[in-house]
Amino acid sequence: MANLTDTSMKRVIRTALHHMDREAREHYSVVIQAKDMAGQVGGLSGSTTVNITLTDVNDNPPRFPQTVGKIKANDADTGSNADMTYSIINGDGIGIFSISTDKDTREGILSLKKPLNYEKKKTYTLNIEGANTHLDFRFSHLGPFKDATVLKIIVGDVDEPPLFSMPSYVMEVYENAKIGTIVGTVLAQDPDSANSLVRYFINYSVEEDRFFNIDANTGIIKTSKVLDREETPWYNITVAASENDNPGLLSHVTVGIRVLDVNDNPPELAREYDIVVCENSKPGQVIHTITATDKDDFANGPRFNFFLDERLPMNPNFTLKDNEDNTASILTRRRRFSRTIQDVYYLPIMISDGGIPSLSSSSTLTIRVCACERDGRVRTCHAEAFLSSAGLSTGALIAILLCVVILLAIVVLFITLRRSKKEPLIISEEDVRENVVTYDDEGGGEEDTEAFDITALRNPSAAEELKYRRDIRPEVKLTPRHQTLSALESIDVQEFIKQRLAEADLDPSVPPYDSLQTYAYEGQRSEAGSISSLDSATTQSDQDYHYLGDWGPEFKKLAELYGEIESERTT
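Reading guide: rules and limits
- Residues numbered from 1 in each chain as written.
- Predicted model: local features only at pLDDT ≥ 70, side-chain atom pairs only at ≥ 80, totals over all residues.
- Heavy atoms only, no water.
- UniProt positions renumbered as here; feature names shortened; annotations may be inferred.
- Disulfide = S-S within 2.5 Å.
- Helix = DSSP H or I, 4+ residues; strand = E, 2+ residues; numbered from the N terminus.
- Buried < 20%, exposed > 50% of the residue type's maximum accessible area, 1.4 Å probe, protein only.
- Expected span 1.5 Å × (residues − 1).
- Arc of directions from axis to C-beta.

The protein carries the name Cadherin-18 in an unreviewed UniProt entry, which gives Heterocephalus glaber as its organism. UniProt, in its Subcellular location (unreviewed entry) section for the protein, records the words "Cell membrane". As stated in UniProt under Function (unreviewed entry), the record for the protein gives "Cadherins are calcium-dependent cell adhesion proteins."

Can you break down the state of the cysteines residue by residue, with the values?
Note on terminology: a disulfide is the covalent bond linking the sulfur atoms of two cysteines. The tally for this structure, following the rule as stated, stands at two disulfides. Note that Cys278 is cross-linked by a disulfide to Cys372, the S-S spacing being 2.0 Å. On the sign convention where negative is left-handed, the bridge of Cys278 and Cys372, at about -85° about the S-S bond, is left-handed. Taken together, the residues span a long stretch of sequence, with Cys278 in strand β21 (residues 275-278) and Cys372 in strand β27 (residues 360-372) at a distance of 94 residues. On the basis of relative accessible area, Cys278 is assigned to the buried category, the value being 11%.

Please give an account of helix α5 (residues 493-506) that cites residues and values.
Between its first and last C-alpha atoms α5 spans 20 Å; for 14 residues at 1.5 Å apiece the expected length is 20 Å, and the two agree. Every buried residue of α5 is accounted for by Val493, Phe496 and Arg500. When α5 is viewed along its axis, its buried side chains cluster within an angular range of 60° and face the same direction. What points out from α5, more than 90 degrees from its buried face, is the exposed set Leu501, Asp505 and Leu506.

Now, about the UniProt feature "transmembrane region" (unreviewed entry) in the protein: what can you tell me, with residues and values included?
Per the UniProt record, "transmembrane region" (unreviewed entry) is found at residues 396-417. Between the first and last C-alpha atoms of residues 396-417 the distance is 32 Å; the span itself is 100% helix and 0% strand.

Here it is as structure tokens:
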């Protein structure tokens, strides 16, 4: 820990990592920046570098390397004559240690075969022998070419982590137990001669829910939340132990906690049942078989008991039979059911489990009435049942519906046409077209002047006043009434129409559409004369109709017709 101090305040540097290891990294450099004005814009700042060195603690026990020690026997010979091998010939450590020979240095290398335990055995004695590998039998009389020595090995004491009494633990606790219920106890001791006190704690990850806690001094594990076996039946936790004098030395053990079941869930139907009863059913007939399920353990679940609620009146239609194998049968009480009278029935039932104390629940079964074949196969249910009882099939129903739709369409079409005929043709008063008046009077032709005075058509002075076009505003100057009448008297009707046509064609203010103007002027007398039948009916036709062919294609058919009549008369 380092302190950064100025004249006004102090700041403490704390570690951000757990279990920092000096053996992995010993030196750290931290850059510290200080700002005034609470770090706002415009404030001044200063920085400094803090060098941090981790101090060593005794968190690593000593480890014997593969080579425990070396011994060497001296040989005055040279070359291959000085080669030798080493062996352990006696001693209490013959199964703990082994020795090999280094051919280059001719040294004996002593190694461990098994780990050492200072608390069990502190010293070992070995008898080691060194012998030449290349013997010269010429000098065998000089004695054995080997030598022996006694090697005493002293085992050093190191600080070891606590040792648990068991390699793993299994504990049990009932679900729904109160918070703080004791689950079990773990025990660990310091194997060193110092026998330091041990502290316990549970290794939890950040995201893991903490359902248990442990007493740091006694190792007693207790519940910290209410447990539910149906949600989590088993928990695995890891308990760690460390010495008070050396917290860096840790040992871990796995603790498995089994959650025991209590009868806290009532039984319920295994699924939603679709029960059907046929209209031709007989009394005592089994129409369905049901079963139940329970979330609790097997000891608190089956066996199930099925029965009717005794507080309700007896059902006259159906009854329930417990089969004593965790199933029940639904039976009819009477014969024949009618869908037209009632198509759905409800049967309340009760289910209890075999737990202590026993729990029960109520459910309601829905039973539908359907039409069935003789072999019991369901034919129709619900709405189709009423149609079948009336003798109507699905196809007949569709045909009837189509006929009704067609009739409705015809009625709507008839009403629409009637309304459209009754609507009068309303011509706006501002319509630019002249009103067409139809008279159902054929008249007597041009010679008939009694039915209608034609002088008004030939003399524009018959009009009360000069009428201008109603679709544009006239720009002509108005003249007194007597001047206008005198001007019209001297103008022929044909000339009058030509003037009006020229005015309409040359007027730039008219809208860009055709304007219909009707004038009652028949024009000059036709060269062909009258074709009325008034005179032809009283006289014989002795005229020559060949001139009709000169009138053009429009009168070709007429010329042929009159030509055939004339030829017949001549014949």
